[in-house]
Amino acid sequence: MTETNPAIRLTRLPQGLTVVTERMDRVETVSLGAYVAAGTRHETADENGVSHFLEHMAFKGTERRTATQIAEEVEAVGGHINAYTAREQTAFYVKVLKEDVALGTDIIGDILTHSTFDPDELERERGVILQEIGQANDTPDDIIFDHFQETAFPGQPMGRPVLGTEKRIRTMKRDVLTTYMRRHYAHTNTVVAAAGNIDHEEFLALVQRHFADLPHEPAPPALPGIYGGGEFREGRDLDQVHIVLGFPSVAYDDVDYYPSLLLSTLLGGGMSSRLFQEVREKRGLVYSVYSFNAPHVDCGLFGIYAGTGESEAAELMPVVLEELRKVQSEVHAAELQRARAQVKASLLMSLESTGSRCEQLARQVQVFGRVVPTAETVARIEAVTIEGVERAARRIFRAAPTLAAMGPADRVPSLADIADRLAA
């Protein structure tokens with residue numbers, strides 16, 4: 001199957017594995033990876049953190065390679081290998097010169113199909129992850145987002161931390177990792193993508209050879225994300241109070257996805273945004289303030305982060321809430337055009353990176369079942385109107401809020417006060 005762009009090729013193999021490539025003739029490298037539609041939201045409570053643990057263990061040895069050999073083989077050809085875990089996806093990827101695609105595909109396939117989970121390596125990596133959790137807990141402007149997520153999606157996989165908890169990681173046994181991997185790392189749950197100076201048919205043959213041993217049974221679906229909302233506060237002896245205020249937002253396929261994306265950009269997406277100008281430049285209440293829109297396949301979150309001093313906390317929130325009120329009916333053509341330009345530029349600049357393009361291909365196939373042509377995305381961005389942004393703002397900011405605050409937070413208004421102001 002060929003997409004509108006002839007450089008893009010997509011093949012669905014009989015077992016369910018999807019292979020997608022984009023040929024970029026003017027580069028000398030190829031980024032390729034396996035993108036598994038399994039992340040934190042696919043874990044049970046007892047498994048929380050297993051997706052991230054698996055990501056770490058992937059590089060710790062296979063039936064044919066030790067951990068050292070994996071690193072040495074990639075670096076011997078000047079390549080780079082890495083992985084990441086998200087709420088809906090775990091990715092394993094490598095960037096190599098075009099002549100080393102066979103090696104890169106072999107190593108990624110070997111990692112996904114023949115990892116040994118050596119007990120000694122597992123214990124060492126357990127210690128590394130516990131250090132990572134400890135570091136996150138000591139970083140308030142990082143850990144506040146875990147508390148925000150858990151408060152927004154209470155008691156369900158979507159709300160649990162990607163890293164897991166110290167208690168779960170300390171007691172997680174080897175068979176939890178191997179069972180989870182067999183259950184979720186299946187042909188039907190995986191997209192193998194590549195972007196760069198690559199031939200689709202040659203890559204397809206490599207994938208068929210090196211990924212043949214993935215499980216054939218379909219992976220179980222994730223539980224739906226059900227927004228709850230609420231309030232989290234933790235008093236800490238910090239110089240700043242870290243605040244995240246958020247609301248339920250939209251999924252990738254929602255009619256308000258692009259309006260909400262531009263809403264986030266014009267509200268808090270850059271130095272010209274409303275929040276940056278009003279909160280930082282005019283009033284000097286913060287060093288850092290921004291908004292974000294986090295879509296998922298069936299739900300989403302919209303949030304505003306701010307870090308401020310204890311004495312400024314009381315003044316900060318009314319200013320932010322006033323901006324949320326105004327943007328529901330007072331969007332201006334010039335700011336919408338700036339937001340549109342920012343989003344388009346970010347999209348088009350990302351196309352120059354083989355790594356970014358590889359990731360985009362895989363994500364689009366997993367979310368939409370196809371590669372979305374760039375022209376189609378640009379057209380959707382161009383089609384967003386003032387009325388569309390205002391509609392998205394009303395839809396989002398009139399819903400029940402979630403508040404997470406950490407530090408000297410006594411002067412941060414309560415969730416009830418915030419809800420009352422937004423309803424006024």
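Residues numbered from 1 in each chain as written. Predicted model: local features only at pLDDT ≥ 70, side-chain atom pairs only at ≥ 80, totals over all residues. Heavy atoms only, no water.

Draft legend 1. Molecular detail of helix α10 (residues 274-281). All of the buried residues along α10 are R274, L275, F276, E278 and V279. Packing partners of the buried residues in α10 comprise α9 (257-268), β9 (286-295), β10 (300-309), α11 (313-326) and α12 (333-350). (Buried < 20%, exposed > 50% of the residue type's maximum accessible area, 1.4 Å probe, protein only. Helix = DSSP H or I, 4+ residues; strand = E, 2+ residues; numbered from the N terminus. Contact = heavy atoms within 4.5 Å.)

Draft legend 2. Here's a closer look at the packing of aromatic side chains. In total, this model carries 12 aromatic pairs according to the counting rule given. Arranged with centres 6.1 Å apart and planes meeting at 55°, the rings of Y84 and Y93 form a pair that is tilted. On the basis of an interplanar angle of 90° and a centroid distance of 6.2 Å, the ring pair of F153 and Y227 is categorised as edge-to-face. With F153 in the loop between α5 (140-152) and α6 (166-171) and Y227 in the loop between α8 (200-210) and β7 (230-234), this residue pair connects regions lying 74 residues apart in the sequence. By way of ring pairs, the aromatic residues F145, F148, Y290, F292 and Y305 are connected into one cluster. (Phe/Tyr/Trp six-rings, centres within 6.5 Å; stacked < 30°, edge-to-face > 60°.)

Draft legend 3. The pattern of salt bridges, seen in detail. Taken as a whole, this structure holds 34 salt bridges when the rule is applied. A salt bridge links R363 to E88; the shortest N-O distance between them is 2.7 Å. Of this pair, R363 sits in helix α13 (residues 354-368) while E88 sits in the loop between β4 (80-85) and β5 (90-97), and the two are 275 residues apart along the sequence. Given the relative accessible area of 7%, E88 is considered buried. Residue R283 pairs with E278 through a salt bridge whose shortest N-O separation is 3.1 Å. Taking the relative accessible area as the measure of exposure, E278 reaches 14% and is therefore buried. In this structure, a network of salt bridges that share partners links the residues R64, R65, E73, D106 and D110. (Salt bridge = Lys/Arg side-chain N within 4 Å of Asp/Glu carboxyl O.)

Draft legend 4. Highlighting the side chain of E22. The topology assignment puts E22 in strand β2 (residues 18-23). The exposure class assigned to E22 is buried, which follows from its relative accessible area of 11%. When sequence neighbours within four positions are dropped, the list of residues in contact with E22 reads N5, A7, I8, A194, A195, G196, I198, R357 and L361.

Draft legend 5. Spatial organisation of unusual backbone geometry. At F117, a position not held by glycine, the phi torsion is positive, near 55°. You can see F117 is positioned in the loop between α3 (101-114) and α4 (119-137). The exposure class of F117 is buried, given its relative accessible area of 6%.

Draft legend 6. Spotlight on the sheet that holds β9. Ordered by their spatial adjacency, 5 strands build an open sheet running β7-β11-β8-β10-β9, and the pairing between neighbours is mixed. Every interior strand has two partners, whereas the edge strands, β7 and β9, have only one. Across this sheet, the average inter-strand angle for adjacent strands is 10°, counted without regard to direction. Note that strand β8 (residues 240-249) and strand β11 (residues 402-406) share 5 bridges and pair antiparallel. (Pairing = 2+ DSSP bridges. Axes fitted to C-alpha atoms, helices over the stretch in contact; angles between N-to-C directions.)

These figures capture arrangement, not role.
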